[in-house]
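# Geometric and topological summary
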Amino acid sequence: MPVDTGLRAAARIRAEADGRGISRLPVLEGEGPLAVRRIRGAAGQARVALVGAMSAPLGGDRLTVTAEAGPGARLDVTSTAATLALPGRPKGPAHYDVRLSVEEDAELNWAPEQLISAYGSELRVTTRAEVGAGARLLLREEQVLGRAGEQPGTLTSRLTVRCEGRLLLDQELACGPGAPGGWDGPAGLAGHRAIGQLVLVRPELGQHPVRARMLGELAAVTPLAGPGLLVTAVAPDALRLRRVLDEAVGVVGG
């Protein structure tokens, strides 16, 4: 009998500078739930939105998004709605892989809407960013454990950032049923249900690193060993998390 192993889908975005100060999109491809649309951006910038064309990720699904900013290009990627991880009929987790490439002197802003881990779901998210010489990256993630009044699903998220081949950040977060003990304790989320992080990679941060400090009661900024910084935030809900990260962007200059 055939085995239902879930959906496979991929999207690919590539921006390239045209030599006249404008970034073009020679590659803009999506399939299944990963539809992609060109939207209005700032002058000279290529801006793209991910559009959820169907429910995903479900259990057993494997989704991959690749976003590339070629040399000197400026690319901004967002989404039109939150991503909702739901339980599916196939056994096993869903996988969502994000691969970001920021080539020499390019700029990439990756800031999709929240990822919501619904009750009964199991999702593994892997985000890998490669940043070239003189390039600039803003990477923003917002994750919400459960819908309103709902227990969370299981969410495992790994984030790796390299600059010119050198490792800047490699961290993993696991939450929900089956996660290592203590994830919701005082040293973890302390009862909060929304988690966010903001990674900035910029050449000037290598010469003038920020100092580690708290940003209010719910966020902290940490310098990375290289031209970057990490802001980590927790909040009771998605709305408060959005406000905390918006304030953090204003403070650190995102």
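Cut-offs and rules
- Residues numbered from 1 in each chain as written.
- Predicted model: local features only at pLDDT ≥ 70, side-chain atom pairs only at ≥ 80, totals over all residues.
- Heavy atoms only, no water.
- Helix = DSSP H or I, 4+ residues; strand = E, 2+ residues; numbered from the N terminus.
- Rg over C-alpha atoms; globule rule 2.2 N^0.38 Å.
- Buried < 20%, exposed > 50% of the residue type's maximum accessible area, 1.4 Å probe, protein only.
- Contact = heavy atoms within 4.5 Å.
- Areas by Shrake-Rupley, 256 points an atom, 1.4 Å probe, with all protein chains shown as cover.
- Lys, Arg positive; Asp, Glu negative; His and termini not counted.
- Charge placed at Lys NZ, Arg CZ, Asp CG, Glu CD.
- Pairing = 2+ DSSP bridges.
- Axes fitted to C-alpha atoms, helices over the stretch in contact; angles between N-to-C directions.
- Polar contact = N/O pair within 3.5 Å; in protein donor to acceptor, adjacent residues only side chain to side chain.
- Salt bridge = Lys/Arg side-chain N within 4 Å of Asp/Glu carboxyl O.

### Some thoughts on the overall build of the protein
The helix and strand tally for the protein stands at two helices and 18 strands. Taking 2.2 N^0.38 as the reference for a compact globule, 254 residues should give roughly 18 Å; the C-alpha atoms of the protein span a radius of gyration of 18 Å, in line with that estimate. Taken along the three principal axes of its C-alpha coordinates, the protein extends 55 × 45 × 30 Å. Here the protein, with 254 residues, has 48% of them falling under the buried criterion. Long-range pairs, those at least 24 residues apart, make up 69% of the contacts in the protein with a sequence separation of at least 6. Accessible surface for the protein amounts to roughly 12100 Å². Of this, 50% is attributable to carbon and sulfur atoms. Here the protein contributes 29 positive and 28 negative side-chain charges, whose respective centroids are spaced 2 Å apart.

### Re the sheet that holds strand β1 (residues 8-17)
The strands making up a sheet are joined through hydrogen bonds of the backbone, oriented either antiparallel or parallel. Spatially, β2-β1-β5-β8-β11-β13-β14 is the arrangement adopted by the seven strands of the open sheet, whose pairing is mixed. Pairing within the sheet leaves two strands with one partner each, and these edge strands are β2 (23-30) and β14 (166-175). Taken over all neighbouring pairs, the strand axes of this sheet differ in orientation by 5° on average, direction set aside. For strand β5 (residues 62-69) and strand β8 (residues 94-102), the ladder comprises eight bridges, and the chain directions are parallel. Across the sheet, R62 pairs through a bridge with H95, a residue of β8.

### What about the side chain of Q197?
Turning to its location among the elements, Q197 is positioned in strand β15 (residues 194-201). Judged by its relative accessible area of 10%, Q197 falls in the buried class. Polar contacts involving the side chain of Q197 include one to the side chain of E141, which spans 2.7 Å. At 2.4 Å, the side chain of Q197 and the side chain of Q171 are in polar contact. With residues near it in sequence (within four places) discarded, Q197 still touches L139, R140, E141, L159, Q171, L230, V231 and L245.

### Re the pairing of β15
In terms of burial, β15 is a largely internal element, eight of the eight residues being buried. Burial along β15 is two-sided: the face carrying A194, G196, L198 and L200 and the face carrying I195, Q197, V199 and V201 are both buried. Note that strand β12 (residues 136-145) and β15 share eight bridges and pair antiparallel. The residue bridging E141 from the neighbouring strand is Q197, located in β15. Taken together, the eight bridges between β15 and strand β18 (residues 228-235) define a ladder with antiparallel strand orientation. Its bridge partner being in β18, V199 is matched across the sheet by L230.

### Here we look at the side chain of S117
Tracing the sequence through the fold places S117 in strand β10 (residues 115-117). In this structure S117 touches A85, V144, L145, G146, P152, G153, T154 and L155, once residues within four positions along its chain are discounted.

### Some remarks on the environment of A233
Take A233: it is sitting in strand β18. A233 sits 99 residues away from G134 along the chain, and the two C-alpha atoms are 27 Å apart.

### Here we look at unusual backbone geometry
Even without being glycine, E164 reaches a positive phi, approximately 50°. With respect to the element layout, E164 can be found in the loop between β13 (154-163) and β14.

### Examining the pattern of salt bridges
Applying the stated criterion across every chain yields a total of 16 salt bridges. Residue R24 pairs with D18 through a salt bridge whose shortest N-O separation is 3.4 Å. Taking the relative accessible area as the measure of exposure, R24 reaches 39% and is therefore partly exposed. A relative accessible area of 25% means that D18 is categorised as partly exposed. Across the pair R193 and D184 runs a salt bridge, and its minimum N-O distance is 3.1 Å. You can call R193 partly exposed: its relative accessible area is 23%.

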